[in-house]
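Per-entry structural report
The lines below spell out each chain.
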Amino acid sequence: MNAVRVNDQPEVVAKDVGEFQDSFLEALAIVLLVSFISLGWRTGLVVAISVPVVLAGTLVGMKLLGIDLQRISLGAMIIALGLLVDDAIIAVETMLVKLEQGWDRLRAGSFAFTATAFPMLTGTLVTAAGYLPIGLAQSSTGEYTRDIFRVVGLALVLSWIVAVVFVPFLGAALLPDRKPPDDAAEHDVYQTRLYRGFRRVIRGCVRWRWLVIGATVAIFALSVVGFTRVPQQFFPASDRLEILIDVRLPEGSSFAATAAEVARLENVVGQDPGVVSYAAYTGIGTPRFFLAFSPQLQSANYAQFVINTRSIPDREALLAKLTKLADEGAAAGFADLRIRSSRLELGPPVGYPVQFRVMGPDPAELRRIAREVRQVMRANPHLRNVNDSWGNLAKSVQVTVDQDKARMLGLSSGDVSAALQTVLTGFAVTDYREGTDLIPIVARATDAERRDIGNLSQIAIRAPNGRTVPLAQIATIAYGLEEPILYRRNRMPALAVRADIADGMQAPDVTAQILPELAAIKAKLPAGYRIETAGAVEESAKGQASINVIMPLMVLVMLTLLMVQLQSFSRVAMVLLTAPLGLIGVTGALLVTGAPFGFVAMLGFIALAGIIMRNSVILVDQIQQDLRRGLSPAEAIVEATVRRARPILLTAAAAILALVPLAFSVFWGPMAIAIMGGLVSATLLTLFFVPALYAAWTRVPRTLPATAARDAKGSGADSKMPVGAS
């Protein structure tokens, strides 16, 4: 007996955590580089110092909440890294502007707190609320991804605290005083050539507002159409090196027959040069060594392999070899086996990705309907290994006791059952105690008697009076076929017709191709029978349903926060209209990269709405501040957009570039790509569409004031902005 290490989970965890740490450090370096390049080394240093402070607080909070370092929490930290610098950049950028306008550091730091603290808090909470459905979803999918909400929400709240308390203090200590020329006005910071050009563009958006709004709506409609062409996915396959092989013999096969076939398959697996080690479990599946793994029921005709390969190319080569072996079947010498090889799954376990569940009261009718469903599925070129969950009918021996004759001899059905059990499988007559263990003592017939079903009728049944009678005298013996196992769902017999998909295809897409072809079968189903869609589509729908239940709460929280900040139903409605426009960038990014839109990407899209509204809130709040300072509506829209352009661009660049390391991840890649694309479009919408929408929403006159017209030509001295404008 040898002890062999089949799976080393600590090694796997250390490897995965190490890879995510590398991605995290890359994202951190990108964020700091953006800060240093865009803000200068001193200003960037303020942001750089605030990042580890927030991360340290996040790690402490994770410890208190019992959140371990694992795939979800580490990925959430990388997502949060691109967002947690937003508040710090906004605060330090506000200080920098005031210093450039001649303010002293203490006054600039105080202004950064009073002018930005409350709008940033609202925006931060709105962004965190975008992840609320993930945190409260009551489903296995929600449980799997819950730490995204907890980690990102914790990091965002801590980032706001650091931005309004720690960043002004650091800015006052590190930023230099800057004395502007004596004849310069405070707003001359925004009178550079670049700002004047951008100001003219915004004025054009305000003047031609309906053209901008119409173009945006048209692009949004085009993105909705394009989204239908994005591949759909539930969760991707894992990037781990293990391969699972499920081996199933015909129902009723013995354990010895299964063990013999396993030995033959071991010869194939053991000769592959890409295999490091493997373990075969006969009669039962492997222990649950992986979270997203569904253990198999014990069955004599079932076996499972766990194979460790050397690399991803070796894994894929072995999968192709095993797939060919399964497809050839009899030609490869495995005619009696159903072989299914697969990668490990991420997310809640699904099994076969494409499944249709036939439900009804009569098993025979279920099998007839399932045959028709199998024919439709086998006609699809993207499916392979089509089968059903019940398997074939198993051979059976049916013993029917003649109760009248049995009672005449003083026998009961229990006596017959005990005699049959003694001969065929063994009857536990007592237990032998050895220490704390009870070892059953089993009485049974010899091998020759147990295997000779033909002599079953001659089994002696002992009567209470001591006489023995053959089984044939009190019972009839019939040979036939029966259901090996009846799976039920909600107490109704359920037969699942299932299949694997070809590489490069997604289960929801293939399921969508088959559903119209099943319409004819569904139309002629007898009363009481139905066909349900199962597999990845059903599990995805469960996860989506759990998210949808929390969506009203998310909307309510966002509306409350927006109302507190904007104090206007009209402005709240305007901000909400910008939320779905992130679909423009999401669709474009997914179509260009070919990445699928899965459940994790859907979570990113929901959270993206909060990020978009956050930028809109900050811009609208700035417009309101300028209106209260006495600017005309048109000037307020233009000047607020000009002053908020740099922080909006910087925070978007930090968030987008921080997600670059995640874009190459199997699990996080689609979500990162979706958020990156959505942020690109959201940034442009905030800078160009929101001013046009605000102008149309509030009916701002198209004619600009005379001072604004002169300023558009570059005469900055003629349009003075009130002192204290940020």
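Values in this document were obtained by computation on a predicted structure and should not be read as measured data. (Residues numbered from 1 in each chain as written. Predicted model: local features only at pLDDT ≥ 70, side-chain atom pairs only at ≥ 80, totals over all residues. Heavy atoms only, no water.)

**Overview of empty space enclosed by the protein**
Counted only if it meets this: Residues are called lining when one of their atoms sits within 4 Å of a cavity or pocket point, these points coming from a 1 Å grid over the protein atoms alone, where a cavity is a set in which a 1.4 Å probe fits but cannot get out and a pocket is an open set with protein on both sides within 12 Å along at least five of seven lines. Grid points are joined across faces, edges and corners, and a volume is the space filled by probe spheres set on the points. Gly falls in the polar group here, along with every residue not listed as nonpolar (Ala, Val, Leu, Ile, Met, Phe, Trp, Tyr, Cys, Pro) or charged (Asp, Glu, Lys, Arg).
All told, the structure shown has eight cavities of 30 Å³ or more when counted by the stated rule. Around the largest cavity, the lining residues are Ile90, Ala115, Thr116, Pro119, Met120, Ile618, Asp621, Gln622, Gln625 and Arg644. Of the residues that constitute the lining of the largest cavity, the class distribution is five nonpolar, three polar and two charged.

**Side note on the nonpolar core**
Taken as a class, soluble globular proteins show a tendency for nonpolar side chains to be buried jointly. Formally: By nonpolar core is meant a set of buried Ala, Val, Leu, Ile, Met, Phe, Trp, Tyr and Cys residues that side-chain atoms within 4.5 Å join together. Relative accessibility decides the category of a residue: with a 1.4 Å probe and only protein chains considered, values under 20% of the type maximum give buried, values over 50% give exposed, and everything between is partly exposed. Each helix is a run of DSSP H or I of at least 4 residues and each strand a run of E of at least 2, with the numbering of both proceeding from the N terminus. Contact definition: two residues touch when any of their heavy atoms are within 4.5 Å.
Ranked by internal contacts, the top residues of the largest apolar core, which has 173 residues, are Met377 and Trp668. No other element matches the 18 residues that helix H3 (residues 71-100) contributes to this core. Apart from residues lying up to four places away in sequence, tryptophan 668 is in contact with Phe20, Arg71, Ile72, Gly75, Ala76, Ile79, Ile148, Val600 and Leu662. If you look at the next biggest cluster of nonpolar residues, it comprises 18 residues, including Ile245, Leu249, Val275 and Phe334.

**Digging into the environment of lysine 542**
Among the structural elements, lysine 542 can be located in helix H17 (residues 535-566). By relative accessible area, lysine 542 is classed as partly exposed at 39%. Considering only alpha carbons, one finds lysine 542 and serine 140, 402 residues apart in sequence, at a separation of 8.7 Å. In this view, lysine 542 contacts Ser139 and Arg489; residues no more than four positions away in its chain are not counted.

**Examining helix H22 (residues 669-697)**
This is how it is decided: The bend reported for a residue corresponds to the angle between axes fitted to the seven residues ending at that residue and the seven starting there.
The largest bend in H22 comes to about 45°, at threonine 686. With 25 of 29 residues buried, H22 lies mostly within the body of the structure.

**Examining the pairing of strand E1 (residues 242-248)**
Applied cut-off: Note on pairing: DSSP must find at least two bridges between two strands before they are called paired.
For E1, a buried count of six out of seven residues is recorded, marking the element as mostly surrounded by other parts of the structure. The sheet contact formed by E1 and strand E3 (residues 302-309) spans seven bridges and is antiparallel. Bridging from a neighbouring strand, leucine 244 pairs with valine 306 of E3. Here E1 pairs with strand E4 (residues 338-343) via six bridges, running antiparallel. Bridged to aspartate 246 within E4 is arginine 340.

**A word on the pattern of salt bridges**
Pairs can form between side chains of opposite charge whenever their charged atoms are close. Rule in force here: Salt bridges are counted wherever a side-chain nitrogen of Lys or Arg sits within 4 Å of a carboxyl oxygen of Asp or Glu.
Taken as a whole and assessed by the stated rule, the structure comprises 23 salt bridges. As a salt-bridge pair, arginine 199 and glutamate 639 come within 2.9 Å of each other at their nearest N and O atoms. Placement of the pair is arginine 199 in helix H7 (residues 193-207) and glutamate 639 in helix H21 (residues 633-658), with a sequence separation of 440 residues. Taken individually, arginine 199 and glutamate 639 each receive the classification buried, so the pair is uniform in this respect. Across the pair arginine 384 and aspartate 500 runs a salt bridge, and its minimum N-O distance is 3.8 Å. You can see arginine 384 sitting in strand E6 (residues 383-388) and its partner aspartate 500 sitting in strand E14 (residues 492-501), a full 116 residues away along the chain. Here arginine 384 matches aspartate 500 in class, with each residue buried. Beyond isolated ion pairs, a larger network of salt bridges with shared partners links Arg357, Arg489, Arg530, Glu532 and Glu538.

**What to know about the packing of helix H20 (residues 599-628) against H22**
Selection rule: All axes here are fitted lines through C-alpha atoms, helices being fitted over the stretch that makes contact, and every angle between N-to-C directions spans 0 to 180 degrees. Each angle is binned into one of four classes, with values under 35 degrees roughly parallel, values over 145 roughly antiparallel, values of 65 to 115 roughly perpendicular, and all other values oblique. By convention, the crossing between two helices is left-handed when the near helix turns anticlockwise from the far helix through less than a right angle, and right-handed when the turn is clockwise.
Where H20 meets H22, the closest approach of the two axes is 9 Å, and the angle between their N-to-C directions is 25°. The angle between the axes of H20 and H22 places the two elements in the roughly parallel class. Crossing geometry of H20 relative to H22 is assigned as right-handed. Of the residues contributing to the contact of H20 with H22, the split by class is 19 nonpolar, six polar and no charged.

**Focus: the side chain of threonine 683**
You can see threonine 683 is positioned in helix H22. The contact partners of threonine 683, leaving out residues within four places of it in the chain, are Ile648, Leu649 and Ala652.

**Here's the deal with the sheet that holds E1**
With antiparallel pairing, four strands are arranged side by side in an open sheet as E2-E3-E1-E4. Looking along the sheet, the strands with just one partner apiece sit at the ends: strand E2 (275-282) and E4. Averaged over all pairs of adjacent strands, the angle between their axes in this sheet comes to 15°, without regard to strand direction. Contacting E1, E2, E3 and E4, helix H9 (residues 255-270) crosses the sheet at an angle of about 175° to E2. Against the sheet, helix H10 (residues 312-328) engages E1, E2, E3 and E4, with an angle of about 160° to E4.

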